Amino acid sequence: MTTCCAPGTEGAVELERLSHALPSTEELVLSSRQVQPGLRQTDLSVPGVHCGTCITTIEKALQALPEVERARVNLSTKRVSVVWKETVDGRKTDPLDLVQTIHRATGYDAHLFSNAEDAGDRLQRDLIRAVAVSGFAAANIMLLSVSVWSGAEASTRDLFHWISAMIAAPALVYAGRFFYQSAWNAVRHGRTNMDVPIALAITLSYAVSLWETMHHGQHAWFDATVSLLFFLLIGRTLDHVMRDRARAAISGLARLSPRGAMVLAGDGGREYRPIEEVRPGDRLMIAAGERIPVDGMVESGSSDFDLSIVNGESAPAVAGPGDAVQGGVLNMTGSLVIRATAAARDSFLAEVISLMEAAEGGRARYRRIADRAAQLYSPAVHLLAIVAFVCWGIFGGDWKQAMLIAIAVLIITCPCALGLAVPVVQVVAAGRLFKNGIMVKDGSAMERLAEVDAIMFDKTGTLTLGRPRLVDGQDIDPGYLALAGGLAMHSRHPLSQALYRSASGSAARFAGVSELPGQGLEVSTGEGVYRLGNRRFAGGGAVPSAELSEVVLSLDGEELQSFLFEDALRPDAAAAVAGLDAAGFATGILSGDRAPVVKALARRLGVSLWKAELSPRDKVDAVAELDCAGTKVLMVGDGINDAPALAAAHVSIAPATAADVGRQAADFVFMHDSLNAVPLAIEVSRRAGRLIRQNFALAIGYNVIAVPIALAGYATPLIAAVAMSTSSIIVVANALRLNRLAGVERKLSVPAASRPVAVEARLA
Amino acid sequence: MNMLVYLIPIALFLGGLGLLAFLWSLKSGQYDDLDGAAWRAIDDDDDRPAV
């Protein structure tokens, strides 16, 4: 940065970074990886990209920079990967420029993200490859089998069987390895799972078919073996898509904590040290726009702090010398020196992280419907096959025949339909929700959401939009509004921003405005000294209202105008809460805000259960208390302070405007403003649950018919192939019925613009 | 029946070709960004896959 010839630029950049919560230069450098000497790659998440124009704009803008080697936007994952040169013409590259270029070109924020999910993607790719291989093998073997079924005789049949055997062998090894590995793991630990009968069935049926082929037998099961594998792999792949990805929420929280801090040495020197090396007693220099690295005490300077990580509120709080500040809190306006009182691992943020770890560990105990079904299913199948083998052996006397029947039982009962029953429904349901702007993290979330009976909402940012809005705009003198707007444009305080937005266009121009952290703005003009800020600072007598935030404009200590702000209700919040109440859910509010504000909102929404002034730990406790009482809680929240509660609740939903950590901790994320997403997600999940149960019933009904045929010894390869395919197709077709939800969706997703509340929200 | 000696290898070869083409396209990242690819198709400048 060329601070020498353009003084003030650095500050402006800082402010821009602050207002959009952009990562800092140090963070960017630390998180980038070297692709080759002199070249580094940075992967950024840009949630805003949504169309072809975004791709071209971002790529063009980045490629225009001299330091950028190449840039590529991925629209599906909404990410940008940039490869940049470490130095250009001897000047060190500042990767913050990349982020700012994206922001300037499109107005979208870019964030860092961790590579936690890459391992999952690799497995997904392996699974897709296995599906392709087994699909190829199944198609070719089926082709040969059709000829055998239509009457190929003697040597031709043997030839076809041999070719089938040769195609099936590598497919079994390559595509079947997922089942073998999982089955082996289960058996080695003395357990059994769905994969044990699958592995047994495909191995035994292959072995017996090979033996039959060598002895010029009439029936070979190669087609059944491989198409079984094919169907099961489809189910497995879909299931993997819906599996819970390793949650990155904890790393997201960890990312909030700065990676280092500027430590002031005793001799006046400064040193940028990694966060782990900051010790209690160190004096740290905190610039405006930085997060407090560790718990500390303000030594000098005062500033406004964004305490949203502590209480979820957007309204900042003031702290000056002697006040304690928590690690992770954002310093907004002034620069400070703090004395560290705790090491990073003992700081507030570390406590929230450990709360989160505990909560996520608890959730892992939930067992998915498919797993529960497998637990009953696989012993039953084994038992059936063994009984068939023993009975036919003893009573029939022909052990080879008995073996064939036992294998037919294994193949017929193989959980093809069962393996597809859950993942297909969940994938269709997730697609349905995605169309309505709701993202689902994993399949089990929908199972859990269908079970909830209590819904807890956070206040700021969830029931409300979390953006202050000017009240009674028409009663305010436009002249004063213009003056206030002109002053307010010099501050990043959320209330100032709201004031400036309300006055936009008519805002007056001032020069030399100074901001006094924690108090307000001041400017000396020909007419006198204008002040804009809290009542004590600007002057004036009336008692401030408890429920609304207030800003006063004064001239030489004489009050000209007061501005009141409220937080606009999220569109459809009242309707959604009332609807959920009527549907028999217990609803409540868990907020970190002051009691009078929470009480007023609870009364307005008709919610009887509310708790105020909760810390992140209190929220987790409140959720845990309900949980102990046997209630399944859905937590809807957005803040960092909600994140542990989001992770602790039975299931959770967050708006897309939520803090990164909140979004990652939640099971569902909704993109649109309307709170109707909550009832819609519940409705779709419940329907998905019903369809899953229907699918189970279908799969079991199929077994009830097919198993006696196999036990009686009438199951030929042809019958097995037909039965297996039909049952799978029926289950998939049933899952597709979920697409007929259009009616419910229309009811719950009235275009936001037609609602008066939404219009207000837009103005604000 | 002698035709089978030619037909079966040809069928398998063509099928295998399709399989290889799919595996190649998967490996070269053509399924990484399906939404983006749909847009890039109507974009004039750049149609190379991701590096």
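Worth saying up front: this structure is predicted, and the values here are computed from it rather than measured.

## Some points on the overall build of chain A
- Broken down by element type, chain A carries 28 helices and 29 strands.
- A burial count over chain A gives 47% of its 764 residues as buried.
- Intrachain contacts of chain A at a sequence separation of at least 6 include 68% that bridge at least 24 residues.

## Side note on the interface of chain B and chain A
- In this complex, chain B contributes 19 residues to the contact, which on the side of chain A involves 20 residues.
- Here the side of chain B that touches chain A gets seven residues from one element, more than from any other, and that element is helix α1 (residues 3-27) of chain B.
- The residue makeup of the side of chain B that touches chain A, split by class, is twelve nonpolar, two polar and five charged.

## Some details on the UniProt feature "transmembrane region" (unreviewed entry) in chain B
- As recorded in UniProt, the feature "transmembrane region" (unreviewed entry) lies at residues 6-26 of chain B.
- Secondary structure over residues 6-26 of chain B splits into 100% helix and 0% strand, and the C-alpha atoms at its two ends are 30 Å apart.

## Concerning the sheet that holds strand β22 (residues 528-533) of chain A
All names here are of chain A.
- Pairing within the open sheet is antiparallel, and its six strands lie in the order β19-β24-β23-β22-β21-β20. Single-partner strands in this sheet number two, and they are β19 (464-470) and β20 (514-516). Across the sheet, the mean angle from the axis of one strand to that of its neighbour is 20°, orientation sign disregarded.
- Across six bridges, the pairing between strand β21 (residues 520-525) and β22 is antiparallel. Its bridge partner being in β22, Leu521 is matched across the sheet by Leu532.
- With respect to the sheet, helix α17 (residues 478-488) is in contact with β21, β22, β23 (549-555) and β24 (558-569), its orientation differing from that of β22 by roughly 75°.

## Quick word on helix α21 (residues 595-605) of chain A
Residues and elements named next belong to chain A.
- Three or more residues of α21 are buried, namely Val597, Val598, Leu601 and Ala602. Along α21, the residues classed as buried sweep out an arc of 130° about the axis, all on the same side. Opposite the packed face of α21, turned more than 90 degrees from it, sit the exposed residues Pro596 and Arg603.
- In this structure, the buried side of α21 is in contact with α16 (459-463), β25 (586-590) and β26 (609-611).

## A look at the UniProt feature "transmembrane region" (unreviewed entry) in chain A
Residues and elements named next belong to chain A.
- Taking the numbering used here, the UniProt-annotated feature "transmembrane region" (unreviewed entry) corresponds to residues 127-147, 159-180, 192-208, 220-238, 376-395, 401-429, 695-712 and 718-738.
- Structurally, residues 220-238 is divided into 89% helix and 0% strand, and its ends, taken at the C-alpha atoms, are 30 Å apart.
- Across residues 718-738 one finds 90% helix and 0% strand; the C-alpha atoms that close the span lie 32 Å apart.

## Some thoughts on the pairing of β19(A)
All names here are of chain A.
- Counting buried residues in β19 gives six out of seven residues, a clear majority hidden from the surface.
- As paired elements, β19 and β24 share four bridges and run antiparallel to each other. In the strand pairing of β24, Pro468 is matched with Asp567.

## Some details on helix α26 (residues 717-736) of chain A
- Under the 1.5 Å per step criterion, the end-to-end length of α26(A) is 29 Å for 20 residues, consistent within 8% with the ideal 28 Å.
- What α26(A) keeps buried is the set A:Pro717, A:Ala720, A:Ala721, A:Ala723, A:Met724, A:Ser727, A:Ser728, A:Val731 and A:Ala735.

## A few points about the packing of helix α8 (residues 222-242) of chain A against α26(A)
All names here are of chain A.
- Where α8 meets α26, the axes come as close as 10 Å, and the angle between the chain directions of the two elements is 15°. Put simply, α8 runs roughly parallel to α26. In the crossing of α8 with α26, the sense of the turn from one axis to the other is left-handed. From α8, Asp223, Ala224, Ser227, Leu228 and Phe231 reach across to α26, where they touch Pro717, Ala720, Ala721, Met724 and Ser728.

## What to know about the sheet that holds strand β11 (residues 296-300) of chain A
Residue and element names in this part refer to chain A.
- Taken in spatial order, the six strands of this open sheet run β9-β8-β10-β16-β11-β14, and their pairing is antiparallel. Looking at the sheet topology across the chains shown, the edges are occupied by β9 (270-274) and β14 (324-325).
- Direction of pairing for strand β10 (residues 283-286) relative to strand β16 (residues 336-340): antiparallel, over a ladder of four bridges. Bridging from a neighbouring strand, Arg283 pairs with Arg339 of β16.

## Examining the environment of A:Gln426
- Within the secondary structure, A:Gln426 is located in helix α14 (residues 416-435).
- When neighbours within four sequence positions are excluded, A:Gln426 is seen to be in contact with A:Met242, A:Gly443, A:Met446 and A:Ala688.

## Some points on the packing of helix α6 (residues 154-188) of chain A against helix α7 (residues 195-214) of chain A
Residues and elements named next belong to chain A.
- Following both chains from N to C, one finds α6 and α7 inclined at 155°, their axes separated by 9 Å at the closest point. It follows from the interaxial angle that α6 and α7 lie roughly antiparallel. At the point where α6 passes α7, the crossing takes the left-handed sense.
- Partitioned by chemical class, the residues of the contact of α6 with α7 number 15 nonpolar, five polar and two charged.

## Quick word on the environment of A:Thr464
Residue and element names in this part refer to chain A.
- Along the chain, Thr464 turns up in strand β19.
- For the pair formed by Thr464 and Glu515, sequence separation is 51 residues and the distance between their alpha carbons is 29 Å.
- Once residues lying within four places of it in the same chain are set aside, the contact partners of Thr464 are Lys459, Asp567, Ala568, Leu569 and Arg570.

## Describing the environment of A:Leu376
Residues and elements named next belong to chain A.
- Looking at the element boundaries, Leu376 is found in helix α12 (residues 369-396).
- Of the residues examined, Leu376 has 9 C-beta atoms within 10 Å and is grouped as exposed.
- Sequence separation between Leu376 and Arg604 is 228 residues; the distance between their C-alpha atoms is 49 Å.

## A few points about the nonpolar core
All names here are of chain A.
- Judged by nonpolar contacts, the single largest core of 180 residues is most densely connected at Leu228, Val409, Ile411, Val425 and Ala681.
- Top element by residues in this core is helix α25 (residues 677-711). It accounts for 14 residues.
- Excluding its chain neighbours within four sequence positions, the residues that come into contact with Leu228 are Ala201, Ile202, Ile411, Cys414, Cys416 and Met724.
- In this structure, Leu470, Ala488, Tyr530 and Val552 belong to the second largest nonpolar core, which totals 21 residues.

## Describing unusual backbone geometry
Residue and element names in this part refer to chain A.
- Of note in the backbone geometry, Asp572 takes a positive phi value of approximately 65° without being a glycine.
- Tracing the sequence through the fold places Asp572 in the loop between β24 and α20 (573-582).
- We classify Asp572 as buried; it has 25 C-beta atoms within 10 Å.
- One non-glycine residue, Glu613, lies in the positive phi region at around 55°.
- Position of Glu613 among the secondary structure elements: in the loop between β26 and α22 (616-628).

## Focus on the pairing of strand β1 (residues 33-36) of chain A
All names here are of chain A.
- Here β1 runs beside strand β2 (residues 39-45); their pairing, made up of three bridges, is antiparallel. By the bridge assignment for β2, Gln34 is matched with Arg40.
- In this structure, the hairpin formed by β1 and β2 is closed by a connection of two residues, where Gly38 is found at a positive phi of approximately 90°.

## Points about the confidence of the model for chain A
Residue and element names in this part refer to chain A.
- Here chain A shows a mean pLDDT of 80. Residues at 70 or above account for 87%.
- Taken together, the stretch residues 1-20 has pLDDT below 50 and engages in 20 contacts with residues farther than four places along the chain or on a different chain.
- The model gives residues 750-764 a pLDDT under 50, and that stretch makes 22 contacts with residues more than four places away or in other chains.

Rules used throughout
Residues numbered from 1 in each chain as written. Chains lettered and ligands numbered in written order. Predicted model: local features only at pLDDT ≥ 70, side-chain atom pairs only at ≥ 80, totals over all residues. Helix = DSSP H or I, 4+ residues; strand = E, 2+ residues; numbered from the N terminus. Buried ≥ 20, exposed ≤ 12 C-beta atoms within 10 Å, placed from the backbone. Contact = placed C-beta atoms within 7 Å. Nonpolar A, V, L, I, M, F, W, Y, C, P; charged D, E, K, R; others polar. UniProt positions renumbered as here; feature names shortened; annotations may be inferred. Pairing = 2+ DSSP bridges. Axes fitted to C-alpha atoms, helices over the stretch in contact; angles between N-to-C directions. Arc of directions from axis to C-beta. Expected span 1.5 Å × (residues − 1). Parallel < 35°, antiparallel > 145°, perpendicular 65-115°, else oblique. Left-handed = near helix turned anticlockwise from the far one by under 90°. Core = buried A, V, L, I, M, F, W, Y, C linked by C-beta atoms within 7 Å. pLDDT = per-residue confidence, 0-100.

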